[in-house]
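What follows is the residue order along each chain.
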Amino acid sequence: MAEIASLSAAVADLVRDGDVVALEGFTHLIPVAAGHEIIRQRRRELTLVRMTPDIVYDQLIGAGCARKLIFSWGGNPGVGSLHRFRDAVQHGWPVPLEIEEHSHAGMANRYVAGASGLPFAVLRGYVGTDLPNVTDTIKPITCPFTGETLTAVPAINPDVAIVHAQRADRAGNVQMWGLVGVQKEAVLAARRSLVTVEEVVDELEPVPGGMVLPSWAVDRVAEVPGGAHPSYAQGYSERDNAYYAAWDTISRDRDEFERWVERVRSGEVVRAS
Amino acid sequence: MTTARRSESSDNGDDVTRAEVAVVACAELFRDAGEIVASPMGLIPSLGAKLARLTFAPGLLLSDGEAYLLDADGQVEGWQPFKKVLDVVVPHGTRHVVMGANQIDRFGNQNISAIGDHARPDRQLLGVRGAPGNTVNHRTSYWTPKHSKRVFVDAVDVVSGVGYDNAHKAGQAASRFHDVHRVVTNLAVLDFDTPDRSMRLVSVHPGVSVDEVLEQTSFPLDTSRTTETRLPDAEELRLIREVVDPKTTRDKEVPS
């Protein structure tokens, strides 16, 4: 059953050095504040997992929290590259970053397998590309029914999944709506999970298209209004497009980035713009 | 500002920009497509898809690449998040994706992963995203705003989207639904309609010579049937300038 906790206590309890950690979210509901808390608590050697790593992963990587990234697209959406990510892969700064590259479909299916308690997923993609040569977790498999050669990818079962949602009730049932990605699969696949929410309420009013993560699937709920900034929470906040543009400048320069990290570590509420 | 030269095939009274020619070339990707989901990545392909829908491809469904189906004005007309895409769209022949390419080779292999060694690249790119699945499951085209030898290379560093030679080598699982349709650039339109499925120069944009395209391409191109890319007609020009891109954002991607 989920326990309501502060963000700092939840991260301290759930995220350990060396863990496989997935902070999921797609354009909307990205758990950025939780990422900053991981930076503040100076976690190290994490394997970060995400279908579409964006600014918060650039920040975690630049702050030296990660040794490996499992992903299918990494960029500053609508702006360009992630400069800290590129610096880590290309130059090993501040620490070398190993990458495990998959396709979107491969990542989504890996989470689904993890959530389903299955050891791997099977799909048609990857054949004909170079990915099987550069990514160890892509293997050919023969269909036992048709003899066709397909591709197997192993389940992802993160040590910790972290997502952001609109709200939770006091029992820790979580409700989210609007554009969702693989949050449900990531949480169900994970050994431990943390959900940051815009607000904790007495009762969850049903919302069209809404999804509930039951309390039993969640370990900690932390109330963090604006915790998705600079992404947004439908019904609560708008996307801060200027932050994404400003991040391009901050992240290009190691010194400027380090000043930014110091501001995060000092507990200042940091916004790039 | 230089502009593409006028052509007798156009009845418009003023000069057409290169960006406008590229928008129409991207629109032409969807001619006779029927009722499919078009997923154009990048500005010029998006403008082209909108133009196609407003003119000769009214059945086109446009996605915003995230969760919504849009009409040509950008109004939401349906909700289609990730899972619906997997349910509805991936089944074959119902989608046409237009992607970018940091590198592309003679057989249409595309690289958006890394330049150099994958483990420690000279340039880490954005990542393969959906390309390994897109290219072996439904029609795919490419758009590149800067036709150069850096993009049109002899061999790509990391095959992300599958080309004809690799699809053939990999067999049924890759070749069954494989369909790399065209490559549109700021200079030309190319396809793979040759006996060995190597790249062919379909047309050069008005004001561009065949030699100029060959100079900017690392590998030889079949130029035996090369024509000139058509200009927009008067109605298309009006739609581009007044409806789909009144702020002229197209000129930033393809300067005249």
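If you're wondering where the values come from, they're calculated on a predicted model, not measured in any experiment.

> So what exactly am I meant to see when it comes to the overall build of chain A here?
The secondary structure content of chain A amounts to nine helices and 13 strands. For 273 residues, the compact-globule estimate of 2.2 N^0.38 gives 19 Å, and the C-alpha radius of gyration of chain A, at 18 Å, lies within 12% of that figure. Dimensions of chain A, computed from C-alpha atoms along their principal axes, come out at roughly 55 × 45 × 30 Å. In chain A, which comprises 273 residues, the share counted as buried stands at 63%.

> I would appreciate a short explanation of the packing of helix H1 (residues 18-27) of chain B against helix H8 (residues 234-244) of chain B in the present structure.
The relative placement of two packed helices is expressed as an angle between their axes plus a distance between the axes. Residues and elements named next belong to chain B. It is at 11 Å that the axes of H1 and H8 come closest, and there the two elements cross at 105°. Judged on the interaxial angle alone, H8 and H1 are roughly perpendicular. Listed contacts from H8 to Glu20, Val23 and Val24 of H1 are Glu236, Leu237, Ile240 and Arg241. For the contact of H1 with H8, a count of residues per class yields four nonpolar, no polar and three charged.

> Help me understand the environment of Arg67 of chain A, please; the structure alone is not making it clear to me.
Among the secondary structure elements, Arg67 of chain A is positioned in strand S4 (residues 66-71). Separated by 2.8 Å, the side chains of Arg67 of chain A and Glu98 of chain A make a polar contact.

> Sorry, what's going on with the environment of Ala57 of chain B here?
Residues and elements named next belong to chain B. With respect to the helices and strands, the residue Ala57 is situated in the loop between helix H2 (43-54) and strand S2 (61-63). We classify Ala57 as buried; its relative accessible area is 5%. For the pair Ala57 and Arg31, spaced 26 residues apart in the sequence, the C-alpha separation amounts to 6.0 Å. Excluding residues that lie within four positions of it along the chain, Ala57 makes contacts with Phe30 and Ala52.

> Just checking my understanding: could you explain helix H9 (residues 254-265) of chain A for this structure?
Side chains that are three or four residues apart share a direction in an α-helix, a result of its 3.6 residues per turn. Residue and element names in this part refer to chain A. Given a rise of 1.5 Å per residue, twelve residues ought to cover 16 Å, and the 16 Å separating the end C-alpha atoms of H9 matches this to within 8%. All of the buried residues in H9 are Phe257, Trp260, Val261, Val264 and Arg265. Around the axis of H9, the buried residues are gathered within 140° of arc, so they sit on the same side. Capping the start of H9, Asp253 holds a side-chain oxygen 3.3 Å from the backbone nitrogen of Asp255, two or three residues further along. Just downstream of H9, Gly267 is the residue with a positive phi angle, here 90°.

> Just checking my understanding: could you explain the interface of chain A and chain B for this structure?
Think of interface size as the accessible area that goes away when the parts come together; that is how it is often given. Facing the 36 residues of chain A at the interface are 35 residues of chain B. Carbon and sulfur atoms make up 59% of the surface buried where chain A meets chain B, a total of about 3100 Å² over both sides. Seen at the junction of chain A and chain B, the total is one salt bridge. Residue Arg176 of chain B pairs with Glu148 of chain A through a salt bridge whose shortest N-O separation is 3.9 Å. Of all the secondary structure elements, the ones that give two or more residues to the side of chain A that touches chain B are helix H4 (83-91), strand S5 (98-101) and helix H6 (131-134) of chain A.

> It is not clear to me how the pattern of salt bridges should be interpreted in this structure. Could you clarify?
Counted under the stated rule, the structure contains 28 salt bridges over all chains. Residue Asp19 of chain A is joined to Arg192 of chain A by a salt bridge in which the shortest nitrogen-to-oxygen separation is 2.7 Å. Of this pair, Asp19 of chain A sits in the loop between helix H1 (7-14) and strand S2 (20-23) while Arg192 of chain A is found in strand S11 (residues 192-201), placing the two residues 173 residues apart along the sequence. An identical accessibility class is assigned to Asp19 of chain A and Arg192 of chain A; each is buried. Among the salt bridges present, the one from Arg250 of chain B reaches Glu20 of chain B, with a minimum N-O distance of 2.9 Å. Of this pair, Arg250 of chain B sits in helix H9 (residues 250-253) while Glu20 of chain B sits in helix H1, and the two are 230 residues apart along the sequence. Here Glu20 of chain B falls in the buried class, since its relative accessible area comes to 2%. Linked by salt bridges that have partners in common, Arg67, Lys68, Glu98, Glu100 and Arg110 of chain A make up one network.

> How should helix H2 (residues 32-40) of chain A be read in this particular structure?
All names here are of chain A. The buried fraction of H2 is high, at eight of nine residues. Taken as a whole, H2 has its buried residues at Val32, Ala33, Ala34, Gly35, His36, Glu37, Ile38 and Ile39. Of the residues trailing H2, Arg42 is marked for its positive phi of about 55°.

> Can you walk me through the domain arrangement of chain A in this structure?
What the domain assignment reports for chain A is domain 1 (3-102 + 157-260) and domain 2 (120-154). In this structure, domain 1 of chain A and domain 2 of chain A have C-alpha centres spaced 29 Å apart.

> Looking at this structure, how should I read the sheet that holds strand S6 (residues 120-123) of chain A?
What links the strands of a sheet is backbone hydrogen bonding, and the strands pair in either a parallel or an antiparallel sense. Residue and element names in this part refer to chain A. Taken together, the three strands give an open sheet; going across it, the order is S6-S8-S7, and neighbouring strands pair in antiparallel fashion. Edge positions in the open sheet fall to S6 and strand S7 (139-142), since each of these has one partner strand only. With strand direction ignored, the average angle separating the axes of adjacent strands in the sheet is 45°. Sheet analysis places S6 next to strand S8 (residues 149-154), joined by four bridges and oriented antiparallel. Bridged to Phe120 within S8 is Pro154. Taken strand by strand, helix H5 (residues 104-116) contacts S6 and S8, and its axis lies near 145° from that of S6.

About the criteria used
- Note that residues are indexed from 1 along each chain, following the sequence as it is written.
- Throughout, the order in which chains and ligands are written sets their labels, letters from A for the former and numbers from 1 for the latter.
- Only residues with pLDDT of at least 70 are given local features in this predicted model, and only at 80 or more are side-chain atom pairs given and counted; all residues enter the totals for whole chains, interfaces and linings.
- Here the side-chain values reflect all heavy atoms present in the structure, with hydrogen atoms and water set aside.
- Secondary structure counts use DSSP, requiring at least four H or I residues in a row for a helix and at least two E residues in a row for a strand, with both numbered from the N terminus.
- In this treatment the radius of gyration is a C-alpha quantity, and the globule benchmark scales as 2.2 Å times the residue count to the 0.38 power.
- Only protein chains enter the accessibility calculation, which uses a 1.4 Å probe; a residue whose area is less than 20% of its type maximum is buried, one above 50% is exposed, and one in between is partly exposed.
- Fitting a line to C-alpha atoms yields each axis, with helices limited to the stretch in contact; the angle taken between N-to-C directions then spans 0 to 180 degrees.
- If an angle is under 35 degrees, it is roughly parallel; if it is over 145, roughly antiparallel; if it lies from 65 to 115, roughly perpendicular; otherwise it is oblique.
- Two residues qualify as a contact provided that any one of their heavy atoms is within 4.5 Å of a heavy atom in the partner residue.
- Side-chain classes follow a simple rule in which Ala, Val, Leu, Ile, Met, Phe, Trp, Tyr, Cys and Pro form the nonpolar group, Asp, Glu, Lys and Arg form the charged group, and the remainder, Gly included, forms the polar group.
- Polar contacts here mean pairs of N or O atoms no more than 3.5 Å apart (in protein, one a potential hydrogen donor and the other a potential acceptor; neighbouring residues in sequence count only if both atoms are side-chain atoms).
- Here a helix's expected span is defined as the number of its residues, less one, multiplied by 1.5 Å.
- By construction, the arc corresponds to the directions joining the helix axis to the C-beta atoms.
- Two parts placed together each lose some accessible area under a 1.4 Å probe, and adding up what both lose gives the buried area.
- A carboxyl oxygen of Asp or Glu within 4 Å of a side-chain nitrogen of Lys or Arg is what we treat as a salt bridge.
- Domain start and stop positions are those given by an automatic or database domain assignment.
- At least two bridges found by DSSP between two strands are what make those strands a pair.

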